[in-house]
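One letter stands for each residue in the lines below.
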Amino acid sequence: MANGDEVSNKQVLFRDYISGFPKETDMILSTTGTIGLKVPEGSNSVLLKNLYLSCDPYMRLRMTQSATYNPNFVPGSPITGYVVSEVLDSGNSNYQKGDYVWGFAGWEQYSLIENPVPSSLRKISYTDVPLSYYTGILGMPGLTAYVGFNKLASPKKGESVYVSSAFGAVGQLVGQFAKMMGCYVVGSAGSKEKVDLLKNKFGLDDAFNYKEEPDLTAALKRYFPKGIDIYFENVGGKMLEAVLPNMAPHGRISVCGMISQYNLEQPDGVPDLSHLIMKCVRMEGFNVSYHYHLYPEFMEVMKQYFMDEKLVYVEDTVEGLESAPAALIGLFTGRNIGKQVIKVSHE
């Protein structure tokens, strides 16, 4: 604790740009920073006490110097991502002391956000669920699932749906949306524990461990003898290659992510896209940042689901900023069971 109105502010700093697989040492835990507990006089800033941090696969793309759809991390500066926070002080009329918010901030105990706008720092009004849910099911991953499946994939009752990385923060919600729509749903994951949970806890019709399948194309043919109507793409590479010949006529592929490619210096190519033509398959990538106008609609849908007790959600929570680097790296080995969350401070 520093003297006066300043306190210590532990941070996770980005060391430098990388290639290949990220390591914990690419991030530095700094305990030397301090921050004032009041916003500057006359400013339009908001001071946040960060409660939960979100670990998400897209963050790996921000570790390289090449441009991505999100700004690159800055060497020597804090890692940034989605957080859930409490407002400690505010010079902004949109936010009051004591408000809970979620949005974009640094991986640190306290963040000073200059001139925030409601679209980047959202007030939390629905508190009948844990606040940590706003890093996942009620935050960016939840909206991603809603847009990618309910809007872009145009699902219909009775259709066959395949979800790769079905136990991830996005995938676990897509599978449930599909079941509620009356679809036949199969998911894949990377361990027996996750497969069992997908079938027994999330209620999918079937699930399989992709690591145990010597021939993914044959495996998908086994689960979808009449073809896949909707594929929710989280993986890319060999998985996408296996899906294409198994798509049904007029199928839809909603491309959310390609986690298998993020650590490769030379990404895999998909050798045969002619299936898209022969079967009239629509394949569409999307970036959720262009769809936040749907967030109020999404929240109304989700609140009703929670009230009706229709949703299941699994979080993997680790304690403390010092655990953050290992938690982020663990996403790429499948170490987490559910949505990866870092608890920074008590509510």
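As a reminder, the structure under discussion sits directly above these lines.
On a predicted model such as this, the values are computed, not experimentally measured, just so you know.

**Brief notes about the overall build of the chain**
Alright, step 1. The helix and strand tally for the chain stands at eight helices and 17 strands.
Alright, step 2. For the chain, whose C-alpha radius of gyration is 21 Å, the value lies close to the compact-globule estimate of 20 Å for 347 residues.
Alright, step 3. Projecting the C-alpha coordinates of the chain onto the three principal axes gives extents of approximately 70 × 45 × 35 Å.
Alright, step 4. The 347 residues of the chain split such that 55% are buried.
Alright, step 5. A fraction of 68% describes how many contacts in the chain between residues 6 or more apart in sequence connect residues 24 or more apart.
Alright, step 6. A total of about 15300 Å² of accessible surface is found on the chain, and carbon and sulfur atoms cover 50% of it.
Alright, step 7. Of the side chains in the chain, 31 bear a positive and 37 a negative charge, and the two mean positions are spaced by 5 Å.

**Examining the side chain of Arg60**
Alright, step 1. Among the structural elements, Arg60 can be located in the loop between strand 5 (46–54) and strand 6 (80–90).
Alright, step 2. Among buried charged residues, Arg60 stands out as having no salt bridge; its nearest opposite-charge side chain is Asp26, 7.4 Å away.

**A closer look at the pattern of salt bridges**
Alright, step 1. On inspection of all chains with the given rule, the structure shows 12 salt bridges.
Alright, step 2. Residue Glu159 pairs with Arg252 through a salt bridge whose shortest N-O separation is 2.6 Å. Taken together, the positions of Glu159 in the loop between helix 1 (140–151) and strand 10 (160–163) and Arg252 in strand 14 (residues 247–255) put the pair 93 residues apart, joining distant regions of the chain. Comparing Glu159 with Arg252, the two get one shared label, buried.
Alright, step 3. Glu213 is the partner of Arg222 in a salt bridge, and the nearest nitrogen-oxygen pair spans 2.8 Å.

**Digging into the side chain of Asn209**
Alright, step 1. Position of Asn209 among the secondary structure elements: in strand 12 (residues 206–209).
Alright, step 2. Within the structure, Asn209 has its side chain in polar contact with the backbone nitrogen of Lys211 (distance 3.0 Å).
Alright, step 3. Residues in contact with Asn209, not counting those within four places in the same chain, are Ala189, Gly190, Ser191, Lys192 and Val195.

**With respect to the environment of Ser160**
Alright, step 1. Locating Ser160 in the fold gives a position in strand 10.
Alright, step 2. Taking C-alpha positions, Ser160 is 7.5 Å from Phe224, a pair spaced 64 residues apart along the chain.
Alright, step 3. Ignoring anything within four residues of it in the chain, the contact list for Ser160 reads Tyr184, Phe224, Gly227, Ile228, Asp229 and Ile230.

**A closer look at the sheet that holds strand 14**
Working definition: the strands of a sheet are paired by backbone hydrogen bonds and lie parallel or antiparallel to each other.
Alright, step 1. With parallel pairing, six strands are arranged side by side in an open sheet as 12-11-10-13-14-15. Of all strands in the sheet, those bounded by a partner on one side alone are strand 12 and strand 15 (282–285). On average, each strand axis in the sheet is inclined to that of its neighbour by 15°, with strand direction left out of account.
Alright, step 2. Bridge count between strand 11 (residues 184–189) and strand 12: four bridges; the pairing is parallel.

**A closer look at helix 1**
Alright, step 1. Across its 12 residues, helix 1 extends 15 Å between first and last C-alpha, which sits within 8% of the 16 Å expected from 1.5 Å per residue.
Alright, step 2. Every buried residue belonging to helix 1 is among Met140, Pro141, Gly142, Leu143, Thr144, Ala145, Tyr146, Val147, Gly148 and Phe149, and all of these are buried.

**Quick notes on the packing of aromatic side chains**
Alright, step 1. Applying the stated rule across the entire model yields 21 aromatic pairs.
Alright, step 2. Arranged with centres 5.6 Å apart and planes meeting at 55°, the rings of Phe14 and Phe73 form a pair that is tilted. Of this pair, Phe14 sits in strand 2 (residues 11–14) while Phe73 is found in the loop between strand 5 and strand 6, placing the two residues 59 residues apart along the sequence.
Alright, step 3. Judged by relative accessible area, which is 1%, Phe14 ranks as buried.
Alright, step 4. Judged by centre distance (5.7 Å) and plane angle (45°), the ring pair of Tyr295 and Phe298 falls under tilted. Of this pair, Tyr295 and Phe298 both sit in helix 7 (residues 295–307), three residues apart, roughly one helical turn.

**Observations concerning unusual backbone geometry**
Alright, step 1. In the Ramachandran plot, Ser154 falls in the positive-phi region, its phi being about 50° despite a non-glycine side chain.
Alright, step 2. Its location among the elements puts Ser154 in the loop between helix 1 and strand 10.
Alright, step 3. Assessed through its relative accessible area of 33%, Ser154 is described here as partly exposed.

Thresholds, definitions, all that
Residues numbered from 1 in each chain as written. Predicted model: local features only at pLDDT ≥ 70, side-chain atom pairs only at ≥ 80, totals over all residues. Heavy atoms only, no water. Helix = DSSP H or I, 4+ residues; strand = E, 2+ residues; numbered from the N terminus. Rg over C-alpha atoms; globule rule 2.2 N^0.38 Å. Buried < 20%, exposed > 50% of the residue type's maximum accessible area, 1.4 Å probe, protein only. Contact = heavy atoms within 4.5 Å. Areas by Shrake-Rupley, 256 points an atom, 1.4 Å probe, with all protein chains shown as cover. Lys, Arg positive; Asp, Glu negative; His and termini not counted. Charge placed at Lys NZ, Arg CZ, Asp CG, Glu CD. Salt bridge = Lys/Arg side-chain N within 4 Å of Asp/Glu carboxyl O. Polar contact = N/O pair within 3.5 Å; in protein donor to acceptor, adjacent residues only side chain to side chain. Pairing = 2+ DSSP bridges. Axes fitted to C-alpha atoms, helices over the stretch in contact; angles between N-to-C directions. Expected span 1.5 Å × (residues − 1). Phe/Tyr/Trp six-rings, centres within 6.5 Å; stacked < 30°, edge-to-face > 60°.

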